[in-house]
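Read off the chains here:
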Protein chains: 2
Amino acid sequence: MLNQDLVGLGKKRSTIREIFEYGNARAKEIGRENIFDFSIGNPNVPAPDAVRRTLLSLVENTDPVALHGYTSAQGAEPVRAKIAESLNRRFGTAYHAGSLYMTVGAAAAISICFKALTCSPEDEFIVFAPFFPEYSVFIEKGAGAKCVIVPPRIEDFQIDFDAFARCLSPRTQAVVVNSPSNPAGAAYSAETLTRLSALLQEKSAEYGHTIYLISDEPYREIVYDGIALPCPARFYPATLMCYSYSKSLSLPGERIGYVAVPDVPEFIDLYAAVCGAGRVLGYVNAPSLFQLAAAECAGETADLSVYAENRRLLYEGLTAMGYRCVKPDGAFYLFPQTLEPDDRAFCERAKKYELLLVPGADFGAPGHMRISYCVQTGQIRRALPLFQKLAEEYQ
Amino acid sequence: MLNQDLVGLGKKRSTIREIFEYGNARAKEIGRENIFDFSIGNPNVPAPDAVRRTLLSLVENTDPVALHGYTSAQGAEPVRAKIAESLNRRFGTAYHAGSLYMTVGAAAAISICFKALTCSPEDEFIVFAPFFPEYSVFIEKGAGAKCVIVPPRIEDFQIDFDAFARCLSPRTQAVVVNSPSNPAGAAYSAETLTRLSALLQEKSAEYGHTIYLISDEPYREIVYDGIALPCPARFYPATLMCYSYSKSLSLPGERIGYVAVPDVPEFIDLYAAVCGAGRVLGYVNAPSLFQLAAAECAGETADLSVYAENRRLLYEGLTAMGYRCVKPDGAFYLFPQTLEPDDRAFCERAKKYELLLVPGADFGAPGHMRISYCVQTGQIRRALPLFQKLAEEYQ
């Protein structure tokens, strides 16, 4: 007797993965250079050289028993101290080593938060569409709670506060933000975060329990046009900051990230719940070598300039053809409207031109498509005429 | 509102961790050399040099985008193929790349199996005392099922089949074996596994569903006196083999292991349930660099000879003093009877001599103590006179 929900989730990959696999199969048939795969958010710039140098130096010069040994469950103390310092310097926060809990990437970080905050199957977590679809998998199947979706505000992908207010309830345990976001690339403005904070404080008081903010920030170093990205934890005290080095250091396969637990009155219990959740989910400690490497390279980023160029080319190219699109502030996704209301039909039609796009419906925003531009710039240049031909079909 | 179970589990470490932390604090007071910490199972021999060479070569010579990129959720295909081959060569099994699912260590592997096999909170998993206490945490708090404990057979720590038969029920989803075991070091004999297999086949038929065997094998390379360790998967077809390189390659902090899924009629669904469980628990993929390193070094082991010498010294020394002890076949633990029935009181008294031992009650076998001998041999030599003094208190 197997858990049939999990059988289903194991068999039916996410749509993104399915399209990605389709692309791989198609590439074998007609050649990789003839496929324009914009499906997957896999960083295509190398890790900064500092990562390579740090890894070599650690492996050459550290006692292997210490280097590869268990760390404490929350991560090595010097690692957490270094990362806390780096955060405080950059964001004016007041973390310390004891605030941080190192995780096996951001997926683990947010899964641990959902688990820590779920007391009953009736508990609710709120996400804003369009959203990373695994959120609902982690909430519903991982933690066993309810995922409540706030409809998108498609003119700018900020928060529709009327719709949001209707979603809040006494069962709301936490609200998830992802700024800049996957799939829209939208960064929440200071105004949005101020209003969000005010509403959460009001509702926490009304319901008599803290509504936490889970801030999933793997893209925070990837922002454009020199904008200063507002830090959610600076706006709302009860913010669990979840981070991964996957995108900033181009280390997605190594699974290294953290939860930064805020200095709230119930800090001791909150931190303990995070540790307890990590423990019951089988996360013994985050990988030890990459804990050290991440701390050593905390201030570095991969060369993210290619994403800026890709964004410019794609945004300017597509809008000139008549595609309607909110200009993304960050991340490496464009989320334009599809040229017909049925986004799945549109993405199917795009395959005729070997353009692999992900329907917006998968992110809770039908009528859109996600275009991942963490690809070679040449792929974008060669794809633009095909987007043009696709647009012409609708004229 | 926090999950209070998890708050509790986050605050109250395992007894083992508590004793370990006590030892660290005490070492600061009176010097590390005056503390005889036998509490924790942290390998103290370095990873084999092949690991160091492999890591250096991978970091020097591999495109970082490929090296540190996402792998497929089940792990990189060439890694799985290489490990399957190595298993087949050593154990006469018939795994292939598609049988394996790479995990973030053995704790993740068994947590994933528990989750995959839990359909209802009434579902039961059977463990044999003495057992690794995190099993019950993963089963009850992680997967949300029931942990059923078979009492120990203290004369040899094989299976008490009468007691076991009484624990089986139509709700039994799986049985966990751990050979050689933590904490007793007992390896299940071919006779034990033959009988276990027969009983599970009989009961599976009777209940009309497969009872799986979850075989947790992190210690299988650490066996003594040249015994040929029987491989559970060769005795019972429906065995999920869970493995970690933590002990054999001395890489416990790096969290790399796998589940090998058996070729049963429901293989496709079973493998999918494993993938689905890994997905919902937030395990995106096992750490990519160490997937490659583990595959490359799959045939290697750290120099495990120090454990053999430690076992000899400790076993011979303690039994000569009158301690009663089953001679362990493997792993790096001795599990003698305490000299008074109350094992907690005994371990408290041992602290007078700075001997840090873990009460057997923590493993479901009161009246015993666990002595981890993955320590410097000198520590054992210096500790033996103290075990003698402790014994004299009871004469």
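**So, the relation of the copies chain B and chain A**
For these two chain copies, the linking operation is a rotation about an axis paired with a shift along it.
Step number 1: For the pair chain B and chain A, the best superposition has an RMSD of 0.0 Å and corresponds to a rotation of 180° with a translation of 0.0 Å parallel to the axis. Both copies of the chain, as the preceding transformation shows, are related through a two-fold rotation axis.
Step number 2: Counting the interface residues of chain B, we find that 100% of their copies in chain A are interface residues as well, pointing to one common contact surface.

**Some words on the side chain of Arg 255 of chain B**
Step number 1: By the secondary structure assignment, Arg 255 of chain B is in the loop between strand S7 (239-244) and strand S8 (257-260).
Step number 2: Here Arg 255 of chain B sits buried without a salt bridge, and the closest side chain of opposite charge, Glu 254 of chain B, lies 8.8 Å off (N-O distance).
Step number 3: A polar contact is formed between the side chain of Arg 255 of chain B and the backbone oxygen of Pro 252 of chain B, at a distance of 2.9 Å.
Step number 4: Setting aside residues up to four positions removed in sequence, Arg 255 of chain B forms contacts with Tyr 70, Val 284 and Asn 285 of chain A together with Thr 103, Val 104, Gly 105, Ala 106, Ala 107, Ser 246 and Pro 287 of chain B.

**Notes on the pattern of salt bridges**
Step number 1: Tallied over the full model, the rule gives 50 salt bridges over all chains.
Step number 2: Between Asp 225 of chain B and Arg 311 of chain B there is a salt bridge whose closest N-O contact spans 2.9 Å. Taken together, the residues Asp 225 of chain B in the loop between strand S6 (212-216) and helix H10 (232-235) and Arg 311 of chain B in helix H13 (residues 305-320) connect sequence positions 86 residues apart.
Step number 3: Exposure remark for Asp 225 of chain B: the relative accessible area of 59% places this residue in the exposed category.
Step number 4: Residue class for Arg 311 of chain B comes out buried when judged on its relative accessible area of 6%.
Step number 5: Because the salt bridges share partners, they merge into one network encompassing Asp 49, Arg 52 and Arg 53 of chain A together with Glu 60 of chain B.

**Structural notes on the interface of chain B and chain A**
Step number 1: Every contact between the two is made by 80 residues of chain B and, on the other side, 80 residues of chain A.
Step number 2: A combined buried area of about 6,300 Å² lies between chain B and chain A, and 59% of that area is made up of carbon and sulfur atoms.
Step number 3: Among the residues chain B hides against chain A, the three largest losses belong to Met 1, Tyr 70 and Arg 279 of chain B. Together they make up 14% of the total.
Step number 4: At the surface where chain B touches chain A, the tally comes to six salt bridges.
Step number 5: Among the ionic pairs, Lys 11 of chain A bridges to Asp 269 of chain B, the shortest N-O distance being 2.4 Å.
Step number 6: Along the contact surface separating chain B from chain A lie 39 residue pairs in polar contact (both at pLDDT 80 or more).
Step number 7: In terms of residue count, helix H11 (residues 267-280) of chain B provides more of the side of chain B that touches chain A than any other element does, ten residues in total.

**Comments concerning helix H15 (residues 377-392) of chain A**
Residue and element names in this part refer to chain A.
Step number 1: Given a rise of 1.5 Å per residue, 16 residues ought to cover 22 Å, and the 23 Å separating the end C-alpha atoms of H15 matches this to within 8%.
Step number 2: A bend of about 30° at Ala 383 is the largest found in H15, and the proline Pro 385 appears one to four places after it.
Step number 3: Buried residues along H15 sit against strand S1 (36-37), helix H13 (305-320), helix H14 (343-350), strand S10 (355-356) and strand S12 (369-372).

**Points about the sheet that holds S8 of chain B**
All names here are of chain B.
Step number 1: Spatially, the seven strands line up as an open sheet ordered S2-S8-S7-S6-S5-S3-S4, and their pairing is mixed. Both outer strands of the open sheet, strand S2 (100-103) and strand S4 (146-150), are each paired with one neighbouring strand and no more. When strand polarity is set aside, the average angle formed by the axes of neighbouring strands in this sheet is 20°.
Step number 2: Here four bridges tie strand S5 (residues 172-177) to S6, and the two strands are oriented parallel to one another. If you follow Ala 174 over to S6, its bridge partner there is Tyr 212.
Step number 3: Sheet strands touched by helix H7 (residues 134-143): strand S3 (124-128), S4, S5 and S6. Its angle to S4, the strand with the most contacts, is close to 150°.

**Considerations on empty space enclosed by the protein**
Step number 1: Considering all chains together, one arrives at ten cavities of 30 Å³ or more under this definition.
Step number 2: Of the volumes computed, that of the largest cavity is approximately 820 Å³.
Step number 3: Taken together, 39 residues form the lining of the largest cavity, with Arg 17, Phe 132 and Glu 134 of chain A together with Tyr 70 and Val 284 of chain B sitting closest to its centre.
Step number 4: Breaking the lining of the largest cavity down by element, the ones donating at least two residues are helix H1 (4-11), helix H2 (15-30), helix H6 (105-117) and helix H7 (134-143) of chain A together with H11 of chain B.
Step number 5: Partitioned by chemical class, the residues of the lining of the largest cavity number 19 nonpolar, ten polar and ten charged.
Step number 6: Within this model, the second largest cavity holds a volume of roughly 170 Å³.
Step number 7: Of all the elements in the fold, those that place two or more residues in the lining of the second largest cavity are strand S3 (124-128) and strand S5 (172-177) of chain A.
Step number 8: In the lining of the second largest cavity, the residues fall into 16 nonpolar, four polar and two charged.

**Observations concerning the nonpolar core**
Step number 1: Formed by 136 residues in total, the largest nonpolar core has its most connected members in Phe 164 and Ile 214 of chain A together with Phe 164 and Ile 214 of chain B.
Step number 2: Beyond its immediate stretch of four places on either side in the chain, Ile 214 of chain A contacts Ile 110, Cys 113, Phe 114, Leu 117, Phe 125, Ala 174, Val 175, Val 176, Val 177, Leu 240 and Cys 242 of chain A.
Step number 3: Listed in part, the 70 residues of the second largest apolar core include Cys 297 of chain A together with Ala 47, Tyr 245 and Ala 260 of chain B.

**Section: the side chain of Glu 254 of chain B**
Step number 1: Examined against the element boundaries, Glu 254 of chain B turns out to sit in the loop between S7 and S8.
Step number 2: For Glu 254 of chain B, the residues in contact, after removing those within four places along its chain, are Leu 67, His 68, Pro 287, Ser 288 and Leu 289 of chain A together with Pro 287 and Phe 290 of chain B.

**Thoughts on the environment of Gly 41 of chain B**
Step number 1: As for its position among the elements, Gly 41 of chain B is in the loop between strand S1 (36-37) and helix H3 (49-61).
Step number 2: Gly 41 of chain B sits 172 residues away from Leu 213 of chain B along the chain, and the two C-alpha atoms are 24 Å apart.

**Thoughts on helix H12 (residues 288-296) of chain B**
Step number 1: Judged by how many residues are buried, H12 of chain B sits mostly within the fold: seven of nine residues are covered.
Step number 2: Residues of H12 of chain B that are buried in the fold lie against helix H12 (288-296) of chain A together with H3, helix H4 (64-67), helix H5 (77-91) and S2 of chain B.

**A short note on unusual backbone geometry**
Of all residues except glycine, most have a negative phi; of all peptide bonds, most are trans.
All names here are of chain A.
Step number 1: Looking along the chain, the bond that leaves Ala 129 and enters Pro 130 is cis, with omega of -5°.
Step number 2: As for its position among the elements, Pro 130 is in the loop between S3 and H7.
Step number 3: In this chain, Ser 179 is followed by Pro 180 through a cis amide linkage whose omega measures -5°.
Step number 4: Relative to the helices and strands, Pro 180 resides in the loop between S5 and helix H9 (190-207).

**Overview of the packing of helix H3 (residues 49-61) of chain A against H3 of chain B**
Step number 1: The geometry of H3 of chain A relative to H3 of chain B is characterised by a closest axis approach of 10 Å and an angle of 165° between their N-to-C directions. By the angle class used here, H3 of chain A and H3 of chain B are roughly antiparallel. Here H3 of chain A and H3 of chain B pass one another in a crossing that is left-handed. Side by side, H3 of chain A and H3 of chain B meet where Arg 52, Leu 55, Leu 56, Val 59 and Glu 60 of chain A of the first sit next to Arg 52, Leu 55, Leu 56, Val 59 and Glu 60 of chain B of the second.
Step number 2: The residue inventory of the contact of H3 of chain A with H3 of chain B, partitioned by class, reads six nonpolar, no polar and four charged.

**Things to note about the sheet that holds strand S7 (residues 239-244) of chain A**
Residues and elements named next belong to chain A.
Step number 1: Strand order across the open sheet formed by seven strands is S2-S8-S7-S6-S5-S3-S4, with mixed pairing between neighbours. Two strands bound the open sheet, and with one partner strand each, they are strand S2 (100-103) and strand S4 (146-150). Averaged over all adjacent pairs, the angle separating strand axes in this sheet is 20°, with direction ignored.
Step number 2: Sheet topology note: the S3/S5 ladder contains four bridges and is parallel. Directly across from Glu 124, in S5, lies its bridge partner Thr 172.
Step number 3: Together, S3, S4, S5 and strand S6 (212-216) form the strand contacts of H7, whose direction differs from that of S4 by roughly 150°.
Step number 4: Set on the sheet, helix H11 (residues 267-280) makes contact with S2, S6 and S7; between it and S2 the angle comes to about 15°.

**So, the confidence of the model for chain A**
Step number 1: Across chain A, pLDDT averages 96, with 100% of residues at or above 70.
Step number 2: Model confidence for the complex: the whole-complex pTM is 0.96, and ipTM, which rates the interface, is 0.95.

**Notes on the pairing of S4 of chain B**
Residues and elements named next belong to chain B.
Step number 1: Pairing analysis gives five bridges linking S3 to S4, with the strands arranged parallel. Across the sheet, the residue bridging to Val 127 is Ile 149, located in S4.
Step number 2: On the question of chirality, the crossover connecting S3 to the parallel S4 by way of H7 is right-handed.

Calculation notes
- Residues numbered from 1 in each chain as written.
- Chains lettered and ligands numbered in written order.
- Predicted model: local features only at pLDDT ≥ 70, side-chain atom pairs only at ≥ 80, totals over all residues.
- Heavy atoms only, no water.
- Least-squares fit on C-alpha atoms with pLDDT ≥ 70 in both.
- Contact = heavy atoms within 4.5 Å.
- Helix = DSSP H or I, 4+ residues; strand = E, 2+ residues; numbered from the N terminus.
- Buried < 20%, exposed > 50% of the residue type's maximum accessible area, 1.4 Å probe, protein only.
- Lys, Arg positive; Asp, Glu negative; His and termini not counted.
- Salt bridge = Lys/Arg side-chain N within 4 Å of Asp/Glu carboxyl O.
- Polar contact = N/O pair within 3.5 Å; in protein donor to acceptor, adjacent residues only side chain to side chain.
- Buried area = accessible area lost by both parts, 1.4 Å probe.
- Expected span 1.5 Å × (residues − 1).
- Bend = angle between axes of the 7 residues up to and from the residue.
- Pairing = 2+ DSSP bridges.
- Axes fitted to C-alpha atoms, helices over the stretch in contact; angles between N-to-C directions.
- 1 Å grid on protein atoms, 1.4 Å probe; cavity = no way out; pocket = protein on both sides within 12 Å on 5 of 7 lines; lining within 4 Å.
- Points joined across faces, edges and corners; volume = space filled by probe spheres on them.
- Nonpolar A, V, L, I, M, F, W, Y, C, P; charged D, E, K, R; others polar.
- Core = buried A, V, L, I, M, F, W, Y, C linked by side-chain atoms within 4.5 Å.
- Parallel < 35°, antiparallel > 145°, perpendicular 65-115°, else oblique.
- Left-handed = near helix turned anticlockwise from the far one by under 90°.
- pLDDT = per-residue confidence, 0-100.
- Right-handed = clockwise from strand over helix to strand, strands pointing away.

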